[in-house]
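Structural characterization, general
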Amino acid sequence: MADLRRQSDGPAASGSATGSVLFSLILIAAVANLNLSVANVALPSIGRALDASQVQLNLVAVGYSLGLAASVLYFGAIGDRYGRRRMLLIGTGATIPFSLVAAWAPSTEVLFVARLGGGLCAGMAFPTTLALISALWVGPARTRAIALWSGIGAAFAVLGPLAAGWSVTHFWWGSVFLLTLPLAVVALVMAWRLVPAHVNESTEPVDNLSGIVSVLMVGALVLGINLLAAPDSGPTAAILFATALGAGVWFVLRQRRVPHPLYDLVLAARPTFWVAGCAGLIIFGALMGAMYIGQQFMQNVLGYSSTQSGAAILPAAVLMVLIAPRSAHLVERIGSRATMLTGYGFVLLGFLVMLLLWKEDISYWPVALGYALVGIGVGLSGTPASNSLTGSVPQSRAGMASATADLQRDLGGAVMQSVLGALLAAGYATSMADAIAGSSKEVTADTQATLEKSFAGAQAIAARYPDHADQIEAAARASFLAGDERAYLAGIAAVLVGSALVLLFFPRHARELEIRAEVQASSGAGPDDTAHP
C-alpha cells in the first residue's frame, strides 16, 4: 500500500506482512474483548466469596467497560498525534499487572478498581487496533479487514465466559482474570515486531482539557446508572447524572470553538457517522447485556455450572465468526443500511425468545436459540456499523472514528449492562420484598436486607436455615425472573429505537457510496491503495 510504504517505519506492505499485521491487531483486540466478559460467569462465585450485593456485582461486571468507554476518545486522539503503535504497546503491557491485582483482590472495592484500571489500559490499545486497520487498508479490503476484526473480536467476548467457566470450575474465581495474560504477552511481542509506526497520523495538537472532560462525562454517566438501584443512593446518582450532563454540554460547546477539537463535530454530523455510532452502540450493548443477564439466569435459575453456562453461549460465538465475513459482502452489495436493519431484526427475535421462553426448568434449546439469534444479528450489524464510521472520516482522524467504534462496544456494553443490571437488581429486590411480606415466617431486618441484596445473599440465608432452604431458593428464583423480565423488555425497547434510527436517518446505498468516495478523495487515497489481509 502506498501510504504504508511512504509513511511508516514498519515492514513493507507485502501480502504476508499485512496479514501478520492484521492478525496481531486482532489478537490485541481479543485481549480487550476477553476481559470485557470473563467476569460475568464468575459473578455468582464472586458474590459468595466477597459477600457482594447485586449492585456491587454490577459494578464489578461493568468496571472494565467503564474504564475503556471513558478513555477511548481521549486516548484515541493521543494515539493519532503521538503514535498509535506506542499507545498499543503501553496499553497491552500495562494490562498485565491489573489482571494480577484483580485475580487476588481481597474485596469488591479492590476488584472494581483493578477492573477499572484494566479498562483504562485497554482504552490505549483497543481503539488503536481499528485506527491502524483504517490507516493501512482502504476500499473493499478495509471492509473485509474490519469484518474479521469485528466478528472475531465479538466472538472472543462471547468465548470469554466459556473459558472463565472452565477456570472457575477447576481453580478459583480470581483465575478468570488470568486467562488473558498469555494472549497479552504474545500480542505485545507481535505488536513490537510487526506493527508499523506513524502511519497517516495527525500533526494537530491534542485538546487535553476536552479529553479529561470526556473521561468525566462518560464515567459519571455509567456510574450514575449503576447506582440507581443501590439503596439510599438516589442523591449520589443524581449528582453523577448532573455531572455527566454538565460535562457533556461543556464538551460540545468547546468542540465548536477550539481550532483543533478532540472530537470533530462537523465530521460526526455526517449521517453515515452518527447513525452508525448510535446503531453500533445499541447492537453491541445488546450482546453484552444479553450475556450479562443470561450468565446469571443460567446459573441461578437453571442451575448450570460455570462451565455449562459458558458453553451455552457457543452458538452466538460460532455464528458471529461465520456471519461477519459474509456481512462484508452484503455491505458492498446492498449497503450498510439494509445489512444493519437485517441484523437488528435477528437481535430483536433473540430478545423476544429470552423474554417469552427463558423460564424456570426449560431445556437447553430455548437458550441456544436466543443466543444464536443474537449472534447472527451482531455478526450482520457489527461490520457495517464499524466500517461506516471509519469510512466517514479522513485517515488522519482514524483515531476519532476507531474510538467511536470502540465506544459502540464499550459504552454500549457499559450502559446496557448498567441499565439491564439496575432493572434486574430493582426487580429482584421488589419481588423478594413482596415474597417476604406475604410469608408467615418471622424475618429479622438483617435477614431481609440480605435476602433482598442479591441471589447470592438468598443462597447464604438458605444455607443458614436448611429447613426453609427450598422455600427461600424458590422465592429467589422467582424474584430473579421478575427482575430479568424488566431487563429483556428494556433490551427490546433499545433495539427498536436503534432500528428506527437506521431506517429513518441512515443514507441508502447509492448516497453512502458517494459519501465514501468523497472522504477517500479528501484523504488522498486512490482505489489502488489497497492492502489485502
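Here's a quick rundown of the structure. (Residues numbered from 1 in each chain as written. Predicted model: local features only at pLDDT ≥ 70, side-chain atom pairs only at ≥ 80, totals over all residues. Heavy atoms only, no water.)

A short note on the overall build of the protein chain
The line we're drawing: Only DSSP runs of H or I reaching four residues or more are called helices, and only runs of E reaching two or more are called strands; each is numbered from the N terminus. Exposure categories follow from relative accessible area, calculated using a 1.4 Å probe and restricted to protein chains: below 20% of the type maximum is buried, above 50% is exposed, and the middle band is partly exposed. By definition, residues are in contact when any of their heavy atoms lie within 4.5 Å. We get accessible surface area from the Shrake-Rupley algorithm with a probe of 1.4 Å; when it comes to residues, only the shown protein chains can shield them.
Looking only at helices and strands, the protein chain features 20 helices and zero strands. The 533 residues of the protein chain split such that 62% are buried. Long-range pairs, those at least 24 residues apart, make up 84% of the contacts in the protein chain between residues at least 6 apart in sequence. Working note: accessible area of the protein chain is about 19100 Å², and carbon and sulfur atoms make up 66% of it.

Some details on a nonpolar patch on the surface
Formally: Here, patches come from residues exposed beyond 30% relative accessible area and free of salt bridges, joined within 9 Å for like charges and within 5 Å for nonpolar side chains (Val, Leu, Ile, Met, Phe, Trp, Tyr). Any Lys or Arg side-chain nitrogen found within 4 Å of a carboxyl oxygen on Asp or Glu counts as a salt bridge.
On the surface, Leu349, Leu352, Leu356, Leu357, Trp365 and Leu369 cluster together into a nonpolar patch covering about 540 Å² of accessible area. Residue assignment for the nonpolar patch shows that the elements contributing at least two residues are helix 14 (336-357) and helix 15 (364-390). It is helix 14 that provides the largest number of residues to the nonpolar patch, a total of four residues. Here leucine 369 shows up in helix 15.

Some thoughts on unusual backbone geometry
Non-glycine residue aspartate 361 carries a positive phi angle of around 70°. Looking at where aspartate 361 falls in the secondary structure, it is placed in the loop between helix 14 and helix 15.

Some remarks on the pattern of salt bridges
Applying the stated criterion across every chain, the model contains three salt bridges. Linking lysine 359 and glutamate 485 is a salt bridge whose minimum nitrogen-to-oxygen distance equals 2.9 Å. Within this pair, whereas lysine 359 is found in the loop between helix 14 and helix 15, its partner glutamate 485 is found in helix 19 (residues 469-505), the two being separated by 126 residues in sequence.

Here we look at the packing of aromatic side chains
So the rule is basically this: Ring pairs are drawn from Phe, Tyr and Trp, using the six-membered ring of Trp, whenever the two centres fall within 6.5 Å, and their geometry is named by plane angle: stacked under 30 degrees, edge-to-face over 60, tilted for the rest.
Enumeration over the complete set of coordinates arrives at eight aromatic pairs. For the pair tryptophan 166 and phenylalanine 171, a centre-to-centre distance of 5.7 Å together with 70° between the ring planes defines the contact as edge-to-face. What makes phenylalanine 171 exposed here is its relative accessible area of 51%. Judged by centre distance (6.4 Å) and plane angle (80°), the ring pair of tryptophan 173 and phenylalanine 177 falls under edge-to-face. Residue classification places phenylalanine 177 among the buried positions, given a relative accessible area of 2%. One aromatic cluster is present, formed by Phe297, Trp358, Tyr371 and Tyr488 through successive ring pairs.

Details of the nonpolar core
Defined as follows: We call a set of buried residues a nonpolar core when its members are Ala, Val, Leu, Ile, Met, Phe, Trp, Tyr or Cys and they connect through side-chain atoms within 4.5 Å of each other.
In terms of nonpolar packing, the biggest core is built from 141 residues, with Phe177 and Phe297 touching the most fellow members. Setting aside residues no more than four positions away along its own chain, phenylalanine 297 makes contact with Leu302, Trp358, Lys359, Ile362, Phe480, Leu481, Asp484 and Tyr488.

Everything listed here is a matter of geometry and, on its own, says nothing about what the molecule does.
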